[in-house]
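This is what each chain is made of:
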Amino acid sequence: MKVLIVEDELKVVDYLRSGLTEQGWVVDVAMDGEEGTHLAIEYDYDVIVLDVMLPRRDGFAVLKALRLQKSTPVIMLTARDHINDRVRGLREGADDYLTKPFSFLELVERLHALARRTRAQESTLISVGDLYVDLIGRRATRDGVRLDLTAKEFQLLSVLARRHGDILSKTAITELVWEVDFESHTNVVETAIKRLRAKLDGPFRTKLLHTVRGMGYVLEVREARDLREIREDARQS
Ligand code: CA
């Protein structure tokens, strides 16, 4: 079993690392949120232990970035009196939480339970209309034809596909694809969207990538909604 610990308190890190290693776990450690995000996305873990209060990027931001790419089980470490942290963590995709200070045996038990529960569940193939995005194989097809995408274009498409039906702002896309905020450089997003759109929608009659004026972009099948609206109109008139 492979676990990632994202925690900045050296005492807790040492305690967990030696305890888990003794039990036969392979342990990686990140001591800030940025490194944690990088490791969590780049490598495959059976489970991740994620502290909320972290330097550079807090636990919620790490979780948010991770969830757009992967469903690795996450147990969050929250402070005793921060009930809101627990609620927020679970709502944003944490699988479990533990309140500090916690017992080591309880943590180990929860880690085993999570790793077992979620092992076979990961959804790695997303479909939107005739578009299929294979997150593991890192390929996308439309109507059975493979789309020839650059790494960045694929990443952009993955972000949109994981949240298909939701409008994503340029700022959100910038953070998720480029992992920085460069508010003043939103034309980077526009350019990337334009390139992706040419490959994704250009050759096809049904358009999937839509611009929502003043709000952002959404990946969805519009026809179905239009039909519903038409039916609704017909019913009302
Ligand atoms: Ca901390």
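What you see is a predicted model, and the numbers here were worked out from it, not measured in a lab.

Participant: Help me get a handle on the overall build of the protein, residues and values and all.
Facilitator: What the protein contains, in helices and strands, is 9 helices and 11 strands. By the burial criterion, 44% of the 237 residues in the protein qualify as buried. The long-range share in the protein, meaning contacts at least 24 apart out of those at least 6 apart in sequence, stands at 54%. Roughly 13,200 Å² of accessible area belongs to the protein as shown, and the carbon and sulfur atoms make up 50% of that amount.

Participant: So what about the packing of aromatic side chains? Which residues, and what values?
Facilitator: Evaluation of the coordinates by the stated rule reveals 1 aromatic pair. For the ring pair Tyr15 and Phe104, a centre distance of 5.8 Å and an interplane angle of 65° mean the geometry is edge-to-face. Taken as a pair, Tyr15 in helix α1 (residues 10-22) and Phe104 in helix α5 (residues 104-118) lie far apart in primary sequence, 89 residues in all. Directly above the aromatic system of Phe204 lies the positively charged group of Arg142, at a separation of 4.4 Å from the ring centroid.

Participant: Can you break down the side chain of Glu7 residue by residue, with the values?
Facilitator: Tracing the sequence through the fold places Glu7 in the loop between β1 (2-6) and α1. Among the residues examined, Glu7 registers a relative accessible area of 0% and is labelled buried. Looking at Glu7, its side chain comes within polar contact range of the side chain of Lys100, at 2.9 Å. Apart from the residues lying within four places of it in its own chain, the contact partners of Glu7 are Val12, Val13, Ala30, Met31, Asp51, Leu54, Leu77 and Lys100.

Participant: An account of α1 is requested, with residue identities and associated values reported.
Facilitator: Here α1 spans 18 Å end to end across 13 residues, near enough to the 18 Å set by a 1.5 Å rise per residue. Restricting attention to buried positions, one finds in α1 the residues Val12, Val13, Leu16, Gly19 and Leu20. For α1, the angular spread of the buried residues around the axis is 150°, confining them to a single face. Opposite the buried face of α1, by more than 90 degrees, sit the exposed residues Leu10, Lys11 and Glu22. Positive backbone phi, approximately 95°, marks Gly24, located one or two places after α1.

Participant: Tell me about the nonpolar core, residues and numbers included.
Facilitator: Judged by nonpolar contacts, the single largest core of 29 residues is most densely connected at Leu131, Leu157, Leu160 and Leu219. With 6 residues, the top contributor of residues to this core is helix α6 (residues 151-162). Residues within four places of Leu157 in sequence aside, it is in contact with Leu131, Val133, Ala140, Leu149, Leu196, Leu200 and Leu219. Judged by nonpolar contacts, the second largest core, of 20 residues, contains Val13, Ile75, Leu77 and Leu111.

Participant: Tell me about the coordination of the calcium ion, and name the residues and values.
Facilitator: Bound to the calcium ion are the protein donor atoms Asp8 (OD), Asp51 (OD) and Met53 (O), situated 2.1 to 2.4 Å from the metal. Read N to C, the donor residues that coordinate the calcium ion are spaced as D-x42-D-x1-M. Residue Asp8 is found in the loop between β1 and α1, and its partner Met53 is found in the loop between β3 (47-51) and α3 (59-67); the two are separated by 45 residues along the sequence. With a relative accessible area of 60%, Met53 lands in the exposed category.

Participant: How would you explain unusual backbone geometry if you had to name every residue and give the values?
Facilitator: A cis amide bond links Lys100 to the next residue, Pro101, at an omega of -5°. Along the polypeptide, Pro101 turns up in the loop between β5 (96-100) and α5. Look at Arg56: it is not a glycine, yet its phi comes out positive at around 75°. One can find Arg56 in the loop between β3 and α3.

Participant: Please give an account of the pattern of salt bridges that cites residues and values.
Facilitator: Under the definition given, this model contains 16 salt bridges. Residue Lys100 pairs with Glu9 through a salt bridge whose shortest N-O separation is 3.0 Å. Of this pair, Lys100 sits in strand β5 while Glu9 sits in the loop between β1 and α1, and the two are 91 residues apart along the sequence. Note that Glu220 and Arg222 form a salt bridge whose closest N and O atoms lie 2.7 Å from each other. Take Glu220: its relative accessible area is 13%, and that puts it in the buried class.

What counts and what doesn't
- Residues numbered from 1 in each chain as written.
- Predicted model: local features only at pLDDT ≥ 70, side-chain atom pairs only at ≥ 80, totals over all residues.
- Heavy atoms only, no water.
- Helix = DSSP H or I, 4+ residues; strand = E, 2+ residues; numbered from the N terminus.
- Buried < 20%, exposed > 50% of the residue type's maximum accessible area, 1.4 Å probe, protein only.
- Contact = heavy atoms within 4.5 Å.
- Areas by Shrake-Rupley, 256 points an atom, 1.4 Å probe, with all protein chains shown as cover.
- Phe/Tyr/Trp six-rings, centres within 6.5 Å; stacked < 30°, edge-to-face > 60°.
- Lys NZ or Arg CZ within 6 Å of the ring centre and 35° of its normal.
- Polar contact = N/O pair within 3.5 Å; in protein donor to acceptor, adjacent residues only side chain to side chain.
- Expected span 1.5 Å × (residues − 1).
- Arc of directions from axis to C-beta.
- Core = buried A, V, L, I, M, F, W, Y, C linked by side-chain atoms within 4.5 Å.
- Donors = N, O, S within 2.8 Å, 3.2 Å for Na, K, Ca; no water.
- Salt bridge = Lys/Arg side-chain N within 4 Å of Asp/Glu carboxyl O.

Interpretation note: all reported values are geometric properties and have no functional meaning in isolation.
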